[in-house]
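The chain contents come next:
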Amino acid sequence: MNKSELIDSMVKHSDGKLDKAQATAGLNAFIDAVSEAMTNNDSVSLVGFGTFSVKERQARTGRNPKTGESMEIPASRVPSFKAGKGLKDGVNGVSKDDANQ
């Protein structure tokens, strides 16, 4: 699913409460808010869905696959997403009722 398909799905699931322009604005606002939080090294937790966060990668020595030569890979910050229980259960076909038993 790409961004425009996601927007169409948001419109469909809103039962007529959102038009395409409103869904586009809402999705863009969500992306901007999550991006801003992560730029500020903050995390965004959506209970049952997951957590967007920033992880620190240590500097390390790697190899150039073409030449086999060793090279230093600098430390970096990378975006990360950890799926929540509700999302994991949904992907694995576990309904909410089954999870509560």
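Not measured: the values here are computed from a predicted model.

A. Representation of the sheet that holds strand β2 (residues 50–57) within the structure. Read from one edge to the other, the open sheet built from three strands follows the order β1-β2-β5, with strand pairing classed as antiparallel. The sheet terminates laterally at β1 (44–46) and β5 (76–83), the two strands that pair on one side only. If you compare each strand with its neighbour and ignore which way they point, the axes differ by 30° on average. Direction of pairing for β2 relative to β5: antiparallel, over a ladder of eight bridges. From the neighbouring strand, R57 faces β5, where its bridge partner is S76. Those strands touched by helix α2 (residues 20–39) are β1, β2 and β5, and its axis lies near 35° from that of β2.

B. Spatial organisation of the domain arrangement of the protein chain. Domain annotation of the protein chain identifies domain 1 (1–40) and domain 2 (43–92). For domain 1 versus domain 2, the separation of C-alpha centres amounts to 24 Å. Taken together, the contacts link five residues of domain 1 with eight residues of domain 2. Across the interface of domain 1 and domain 2, roughly 500 Å² is buried in total on both sides, 79% from carbon and sulfur atoms. Linking domain 1 to domain 2 there are zero salt bridges. Across the domain 1-domain 2 interface, the total number found is one residue pair in polar contact (both at pLDDT 80 or more). Within the side of domain 1 that touches domain 2, the residues separate by chemical class into four nonpolar, one polar and no charged.

About the cut-offs
Residues numbered from 1 in each chain as written. Predicted model: local features only at pLDDT ≥ 70, side-chain atom pairs only at ≥ 80, totals over all residues. Heavy atoms only, no water. Pairing = 2+ DSSP bridges. Helix = DSSP H or I, 4+ residues; strand = E, 2+ residues; numbered from the N terminus. Axes fitted to C-alpha atoms, helices over the stretch in contact; angles between N-to-C directions. Contact = heavy atoms within 4.5 Å. Domains from an automatic or database assignment. Buried area = accessible area lost by both parts, 1.4 Å probe. Salt bridge = Lys/Arg side-chain N within 4 Å of Asp/Glu carboxyl O. Polar contact = N/O pair within 3.5 Å; in protein donor to acceptor, adjacent residues only side chain to side chain. Nonpolar A, V, L, I, M, F, W, Y, C, P; charged D, E, K, R; others polar.

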